[in-house]
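Residues per chain are reported as follows:
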Amino acid sequence: MSDTQLTVTLSGGGVDDARAVVRVLEGTFGSSDGLPSDDRATVRTATFGAEDSGEAGPGNTGAARLAAPVEVTVQGTPDAVRRASDTLTEAFTVRDDGAAAGDQEQERQLLLEP
């Protein structure tokens, strides 16, 4: 994954739901490569670089509201995936839909519910 620590793929919900998820993760990982902006997209992505690897802070969990369910896939280093899962669980109602592990990275599927 070279210089990328975490990649987040979001589907379902609208662009505002995707932005809410990314903003919550920015509280833990620092700035992403940009907030989702395409209203017509059905799948949105955000990446967080390795340089933004500080410990989880309080984040922006107070404003974490979703209008519709959002399917989230987090992929990255095992530590980054764990931290992302923990952060999202604190901010949203989450159903864990499973994980896949490789030698250098992991992937976890989550369903965030309004």
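For the structure itself, consult the block above.
Reading the values: the criteria
Every chain's residues receive numbers from 1 upward, in the order its sequence appears when written. It should be noted that, the model being predicted, local features are given only for residues of pLDDT at least 70 and side-chain atom pairs only at 80 or more, the latter also being counted only at that level, while totals for whole chains, interfaces and linings use all residues. Only hydrogens and water are set aside; all other atoms, that is, all heavy atoms of the structure, feed into the side-chain values. Here a strand is any run of E in DSSP of at least two residues, a helix any run of H or I of at least four, and the numbering for each starts at the N terminus. The span you would expect from a helix comes to 1.5 Å times its residue count less one. Accessible area is worked out with a 1.4 Å probe on protein chains only. A residue is then buried under 20% of its type maximum, exposed over 50%, and partly exposed in between. Positive residues here are Lys and Arg, negative ones are Asp and Glu, while His and the chain termini are left out of the count. Salt-bridge detection follows one rule: a side-chain nitrogen of Lys or Arg within 4 Å of a carboxyl oxygen of Asp or Glu. Contact between two residues is taken to exist if any of their heavy atoms lie within 4.5 Å; hydrogens are not considered. Whether two aromatic rings pair depends on their centres lying within 6.5 Å, for rings of Phe, Tyr and Trp, where Trp uses its six-membered ring; planes under 30 degrees apart make the pair stacked, over 60 edge-to-face, and the rest tilted. Within this scheme, the nonpolar core is defined by two criteria: the residues are buried Ala, Val, Leu, Ile, Met, Phe, Trp, Tyr or Cys, and they are joined through side-chain atoms within 4.5 Å.

1. Some words on helix H2 (residues 78–91)
- Its 14 residues give H2 an end-to-end C-alpha distance of 20 Å, which sits within 8% of 20 Å, the value for a rise of 1.5 Å per residue.
- Looking at H2, one finds that the buried residues are Ala80, Val81, Arg83, Ala84, Ser85, Thr87, Leu88 and Ala91.

2. Considering the side chain of aspartate 17
- Considering the arrangement of structural elements, one finds aspartate 17 in helix H1 (residues 15–29).
- Buried within the structure, aspartate 17 lacks any salt-bridge partner; its nearest side chain of opposite charge belongs to arginine 44, at an N-O separation of 7.5 Å.
- Contacts of aspartate 17, omitting those with residues within four sequence positions, involve Arg65, Leu66, Ala67, Ala68 and Val70.

3. Points about the environment of phenylalanine 48
- Residue placement: phenylalanine 48 occurs in strand E2 (residues 43–49).
- Residue classification places phenylalanine 48 among the buried positions, given a relative accessible area of 1%.

4. Quick notes on the packing of aromatic side chains
- Across all of its chains, the model carries 1 aromatic pair by this definition.
- A centroid spacing of 5.6 Å and a plane angle of 40° characterise the contact between phenylalanine 29 and phenylalanine 48, whose relative ring orientation is tilted. Here the residue phenylalanine 29 occupies a position in helix H1, and phenylalanine 48 occupies one in strand E2, the gap between them amounting to 19 residues. Of the two residues examined, phenylalanine 29 and phenylalanine 48, each falls in the buried class.

5. So, the nonpolar core
- Leu6, Val21, Val72, Leu88 and Phe92 are the most contacted members of the largest nonpolar core, which totals 25 residues.
- Elements with a minimum of two residues in this core: strand E1 (4–11), H1, E2, strand E3 (70–76), H2 and strand E5 (106–113).
- Here leucine 88 is in contact with Val21, Val24, Leu25, Val72, Val74, Val94, Leu110 and Leu112, once residues within four sequence places are set aside.

6. Focus: the pattern of salt bridges
- According to the stated counting rule, one finds 7 salt bridges in the structure shown.
- The shortest N-O distance in the salt bridge between aspartate 79 and arginine 83 comes to 3.5 Å. Pair noted here: aspartate 79 and arginine 83 are both in helix H2, with a separation of 4 residues, about one helical turn.
- For aspartate 86, the salt bridge identified is with arginine 82, shortest N-O distance 3.4 Å. Taken together, the residues aspartate 86 and arginine 82, both in helix H2 and 4 residues apart, mark about one turn of the helix.
- The class of arginine 82 is partly exposed, set by a relative accessible area of 42%.
- If you follow the salt bridges from partner to partner, you end up with Asp79, Arg82, Arg83 and Asp86 in one network.

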